[in-house]
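Each chain, letter by letter, is given below.
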Amino acid sequence: MNEDKIKGQWKQLAGKLKAKWGKLTDDDLKVAEGNSEYLAGRIQERYGVAKDEAQRQIREFDSTL
């Protein structure tokens, strides 16, 4: 994930992230604020997937932006 790109557009992306990963809380997204490592950890925790899978999902999401 391009951290600078994400941080600059975080408010717009937060809605899209919430639509894709509905189990993420507003607090999760607020704390993540463009940090893909933190976001991967929250996805891993909320969805019970491996870290590699969470990172793959984030990369896939990023490619659609």
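See the structure above.
Source: prediction; values computed, not measured.

Chemist: Tell me about the packing of aromatic side chains, and name the residues and values.
Modeler: Counted according to the given criterion, the structure contains 1 aromatic pair. Relative to Phe-61, the ring of Trp-21 has its centre 5.5 Å away and its plane inclined at 55°; by these criteria the two rings are tilted. One end of the pair, Trp-21, is in the loop between α2 (10–20) and α3 (26–32); the other, Phe-61, is in helix α5 (residues 51–63), with 40 residues separating them in the sequence. The class of Trp-21 is buried, set by a relative accessible area of 3%. Directly above the aromatic system of Trp-21 lies the positively charged group of Lys-20, at a separation of 5.3 Å from the ring centroid.

Chemist: Outline the pattern of salt bridges, listing residues and values.
Modeler: Within the structure shown, the criterion is met by 7 salt bridges. Where Glu-45 meets Arg-42, a salt bridge forms, and the shortest distance between an N and an O atom there is 2.9 Å. With Glu-45 and Arg-42 both in helix α4 (residues 36–47) and 3 residues apart, this pair spans about one turn of that helix. Its relative accessible area of 47% is what places Glu-45 among the partly exposed residues. Salt bridges sharing partners connect three or more residues here, namely Asp-28, Arg-42, Glu-45 and Arg-46.

The rules we used
- Residues numbered from 1 in each chain as written.
- Predicted model: local features only at pLDDT ≥ 70, side-chain atom pairs only at ≥ 80, totals over all residues.
- Heavy atoms only, no water.
- Phe/Tyr/Trp six-rings, centres within 6.5 Å; stacked < 30°, edge-to-face > 60°.
- Helix = DSSP H or I, 4+ residues; strand = E, 2+ residues; numbered from the N terminus.
- Buried < 20%, exposed > 50% of the residue type's maximum accessible area, 1.4 Å probe, protein only.
- Lys NZ or Arg CZ within 6 Å of the ring centre and 35° of its normal.
- Salt bridge = Lys/Arg side-chain N within 4 Å of Asp/Glu carboxyl O.

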